Amino acid sequence: MSRVRTAWSPWREMNRLRQELDQLAGRGEWWPNLRQTTPFPAINALESEKGLTLTAELPGIDASQLDVHVDKDSITIAGHRATAPATPKDELYVRRERWFEPFRRTVELPFDVDPDKCEAVYEKGVLTLKLERRPEYEPKKLSIKAG
């Protein structure tokens, strides 16, 4: 029976190493600084003629711990979760994916918004932001007064 040999590939080796590290990371708490790779919070943005509706998933976070700043062309969501619960001395985590650290995420907006006409609602762990478009700049014709 003949074996098929494949050429050595650094990319395949790096992928194998990543998979092995992922397996190790899920086996206990000895890997405390493991951070998720997707930005937090997860955000969806829906555009309409009137503006933009942004939703951000923030489960387990109290509304008083959130801070939202709107600029004309960006929005920043910041906050932190309450402190992690204490682990009993006779127990170890088998898997730990939730983290309790401050977070900050800034998103550039596809158009300028009017910060005075923005609205934020937080319900059931979802922050909904209604961002109204800033009226487009339009040239204005000046009338000339003869003196």
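The structure under discussion appears in the preceding block.
Keep in mind the model is a prediction, meaning the values are calculated, not measured.

1. Re the overall build of the protein
Then, number 1: Looking only at helices and strands, the protein has 1 helix and 7 strands in total.
Then, number 2: Going from the N terminus to the C terminus, the protein shows its helices and strands as α-β-β-β-β-β-β-β.
Then, number 3: The burial tally for the protein puts 20% of its 147 residues in the buried class.
Then, number 4: In the protein, the share of contacts with a sequence separation of at least 24, taken over all contacts with a separation of at least 6, comes to 55%.

2. Examining the sheet that holds strand β4 (residues 74-80)
Then, number 1: One open sheet holds the 3 strands; their spatial order is β3-β4-β5, and the pairing between them is antiparallel. At either end of the open sheet lies a strand with only one pairing partner, and these are β3 (66-70) and β5 (102-108). Adjacent strand axes in the sheet meet at a mean angle of 10° when their direction is disregarded.
Then, number 2: As paired elements, β3 and β4 share 5 bridges and run antiparallel to each other. Within β4, the residue paired with leucine 66 across the bridge is glycine 79.

What counts as what
Here, residues in each chain are numbered from 1, in the same order as that chain's written sequence. Thresholds applied to this predicted model are a pLDDT of at least 70 for local features of residues and 80 or more for the giving and counting of side-chain atom pairs; totals over whole chains, interfaces and linings are not thresholded and use all residues. Hydrogens and water are ignored here; the side-chain numbers use all heavy atoms of the structure. Here a helix means four or more residues in a row that DSSP labels H or I, a strand means two or more in a row labelled E, and each is numbered from the N terminus. Remark: exposure states derive from per-residue accessible area (1.4 Å probe, protein chains only) relative to the maximum for the residue type, with buried under 20%, exposed over 50%, and partly exposed in between. Note on contacts: a residue pair is in contact if any heavy atoms of the two residues lie within 4.5 Å. We call two strands paired when DSSP finds no fewer than two bridges between them. Orientation is described by axes fitted as lines to C-alpha atoms, over the contacting stretch for helices, and by angles from 0 to 180 degrees between their N-to-C directions.

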